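Chain by chain, the residues:
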Amino acid sequence: HCHTDMSNSSVPDCAESIENYAKRIKELGGKCLYSGEHGNQGNVFCNYTVAEKEGILFRQSAEAYWVKDRHEKDRTNCHIMMIATSNEGRKDMNFALSIANEDGYYYNPRLDLELLLNIPKENMIITSACIAGWKYEDAENIWLKIANHFGNNFFLELQPHDTDKQKALNRRILTFAKKHNLQIICGLDSHYVKEENSIKRDQILKYKKVSYPDEDGWYMDYPDTKEIIRRFENQGVLSEEEILISIMNTNVFVSECKEIVFDKHFKIPTIYPDKTY
């Protein structure tokens, strides 16, 4: 998943445009353009238009926040990736995040199990996102409930960052996945297309006086497959088979997702329903 300059209205985080991501996706022969930002599904109309223009598939997504109980004052704010598999899934995402912004809002819009498990399993693909998805001590129990609900549409996300925390999490995930027969998936956390663009993001964070120490040592660019494999190999946690399975499983966003089509007809409300416009 990727973050763009559209995230900065809520979370200062990025200086990369969605147009640059679309160009990079085409350059790499990729298929999908995602919309997800922190806590929301981004500017879906802009992303949809860019995807349409570039001839790639639009996927409505969000890197949402979740807590155990959205009615409690809990700032744990674990992360979760949601990707709609259909137009019905898009509506489900809109509804869940709307509620998260109403009775679930505490510094950030927050989902909980009640909202997540109310979504039909066929309408959403869920991944466990980054390290921030595992903040609770009993996170495994919660992820297992989510996995049992979404079935084959749930994946444990492995990322290739060469840090001690990511290595430890990847080992934990692999053990957890084998114990409960859960699927793994390769995840990227792109905040810019190429490393040289990181300076723009650094300037935004400096201007906003924010820092994200948990991200120290993370890869935040948009690499090709060979580089992803190299990074996993250098990390030294996944076997060759596990690396390839995690990458191949990303094809689920093509094979299991239907095309989302936005109705672009201009709608004018009227108090004379028996009259033409």
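Note: the structure precedes this text.
Computed from a prediction, not measured in an experiment: that's the story for all the values here.

**Student:** Explain the packing of aromatic side chains here, please?
**Tutor:** For any pair of aromatic rings, the description rests on two quantities: the centre-to-centre distance and the angle between the ring planes. By the definition in use, this model includes 12 aromatic pairs. Relative to Y222, the ring of Y21 has its centre 6.0 Å away and its plane inclined at 50°; by these criteria the two rings are tilted. Of this pair, Y21 sits in helix α1 (residues 18-27) while Y222 sits in the loop between α7 (198-208) and α8 (225-235), and the two are 201 residues apart along the sequence. Members of the aromatic cluster, joined through ring pairs, are W66, W134, Y136, W143, F154 and F176. Over the ring of Y136 we find K68; its NZ or CZ atom is 4.8 Å from the centre of that ring.

**Student:** What's the story with the sheet that holds strand β6 (residues 108-111) in this structure? I'm lost.
**Tutor:** Backbone hydrogen bonds are what pair the strands of a sheet, in a parallel or an antiparallel way. One open sheet accounts for 7 strands, arranged β5-β6-β3-β4-β7-β8-β9; its pairing is mixed. A strand with exactly one partner marks an edge of an open sheet, and here the two such strands are β5 (105-106) and β9 (183-186). Helix α6 (residues 164-180) contacts β8 (154-158) and β9 of the sheet and is inclined by roughly 150° relative to β8. The sheet strands contacting helix α9 (residues 240-248) are β8 and β9, and the helix crosses β9 at an angle near 80°.

**Student:** Sorry if this is basic, but what is going on with the pattern of salt bridges here?
**Tutor:** Where charged atoms of side chains with opposite charge meet at close range, the side chains can pair. The final tally for this structure, using the stated rule, is 14 salt bridges. Between K167 and D162 there is a salt bridge, and its shortest N-O distance comes to 3.2 Å. What makes D162 partly exposed here is its relative accessible area of 32%. One salt bridge in this structure joins D221 and R231, with 2.9 Å as the shortest N-O distance. With D221 in the loop between α7 and α8 and R231 in helix α8, the pair connects residues that are 10 residues apart, well separated along the chain. Across this residue pair, the class does not change: D221 and R231 are buried. Connected via shared salt-bridge partners are R70, D103, D112 and E114.

**Student:** Looking at this structure, I do not really get the environment of S86. What am I missing?
**Tutor:** Position of S86 among the secondary structure elements: in the loop between β4 (78-84) and α3 (87-102). Taking C-alpha positions, S86 is 17 Å from L117, a pair spaced 31 residues apart along the chain. Those residues in contact with S86 that sit more than four places away from it in its chain are N123, K258 and I260.

**Student:** I'm lost on the layout of surface pockets in this one. Help?
**Tutor:** Empty space among the atoms becomes visible once a probe the size of a water molecule is rolled across them. Approximately 860 Å³ is the volume attributed to the largest pocket. What lines the largest pocket is a set of 30 residues, among which Y34, L188, Y222, T250 and F253 lie closest to the centre. Counting residues per element, the ones that place at least two in the lining of the largest pocket are β1 (32-34), β4, β9, α8, α9 and α10 (252-255). Considering only enclosed or pocket space, the second largest pocket measures out at about 500 Å³ in volume.

**Student:** How should I be thinking about unusual backbone geometry in this particular structure?
**Tutor:** The phi angle of most residues is negative, glycine excepted, and most peptide bonds adopt the trans form. Even without glycine at this site, N77 takes up a positive phi of about 50°. Among the structural elements, N77 can be located in the loop between β3 (61-66) and β4. Judged by relative accessible area, N77 falls into the buried class, the value being 7%.

**Student:** How should I be thinking about the packing of α8 against α9 in this particular structure?
**Tutor:** Between two packed helices, both the angle of their axes relative to each other and the distance between the axes serve to describe the pair. Contact geometry for α8 and α9: axes closest at 10 Å, N-to-C directions at 140°. As summarised for this structure, α8 and α9 are arranged oblique, according to the angle between their axes. The chirality of how α8 crosses α9 is right-handed. Contacts between α8 and α9 involve T225, I228, I229, F232 and E233 on the former and, on the latter, I243, L244, S246 and I247. Counted by class, the contact of α8 with α9 contains 6 nonpolar, 2 polar and 1 charged residues.

**Student:** Got a minute to help me understand empty space enclosed by the protein in this structure?
**Tutor:** In the structure shown here, the tally under the stated rule is 2 cavities of 30 Å³ or more. Taken as a whole, the largest cavity spans an internal volume of roughly 40 Å³. Around the largest cavity, the lining residues are P160, H161, L188, D189, S190, Y219, D221, P223 and R231. The class makeup of the residues in the lining of the largest cavity is 4 nonpolar, 2 polar and 3 charged.

**Student:** Help me out: how do you make sense of α9 in this one?
**Tutor:** The α-helix advances 3.6 residues per turn, and as a result positions three or four apart in sequence lie on the same side. Those residues of α9 lying buried are E242, I243, S246 and I247. Summarising the axial view, the buried residues of α9 lie within an arc of 130°, below the 170-degree limit, and thus occupy one face. The outward face of α9, more than 90 degrees from its buried face, is lined by the exposed residues E240, E241 and M248.

Rules behind the numbers
- Residues numbered from 1 in each chain as written.
- Predicted model: local features only at pLDDT ≥ 70, side-chain atom pairs only at ≥ 80, totals over all residues.
- Heavy atoms only, no water.
- Phe/Tyr/Trp six-rings, centres within 6.5 Å; stacked < 30°, edge-to-face > 60°.
- Helix = DSSP H or I, 4+ residues; strand = E, 2+ residues; numbered from the N terminus.
- Lys NZ or Arg CZ within 6 Å of the ring centre and 35° of its normal.
- Pairing = 2+ DSSP bridges.
- Contact = heavy atoms within 4.5 Å.
- Axes fitted to C-alpha atoms, helices over the stretch in contact; angles between N-to-C directions.
- Salt bridge = Lys/Arg side-chain N within 4 Å of Asp/Glu carboxyl O.
- Buried < 20%, exposed > 50% of the residue type's maximum accessible area, 1.4 Å probe, protein only.
- 1 Å grid on protein atoms, 1.4 Å probe; cavity = no way out; pocket = protein on both sides within 12 Å on 5 of 7 lines; lining within 4 Å.
- Points joined across faces, edges and corners; volume = space filled by probe spheres on them.
- Parallel < 35°, antiparallel > 145°, perpendicular 65-115°, else oblique.
- Left-handed = near helix turned anticlockwise from the far one by under 90°.
- Nonpolar A, V, L, I, M, F, W, Y, C, P; charged D, E, K, R; others polar.
- Arc of directions from axis to C-beta.

What is shown is where atoms sit, not what they do.
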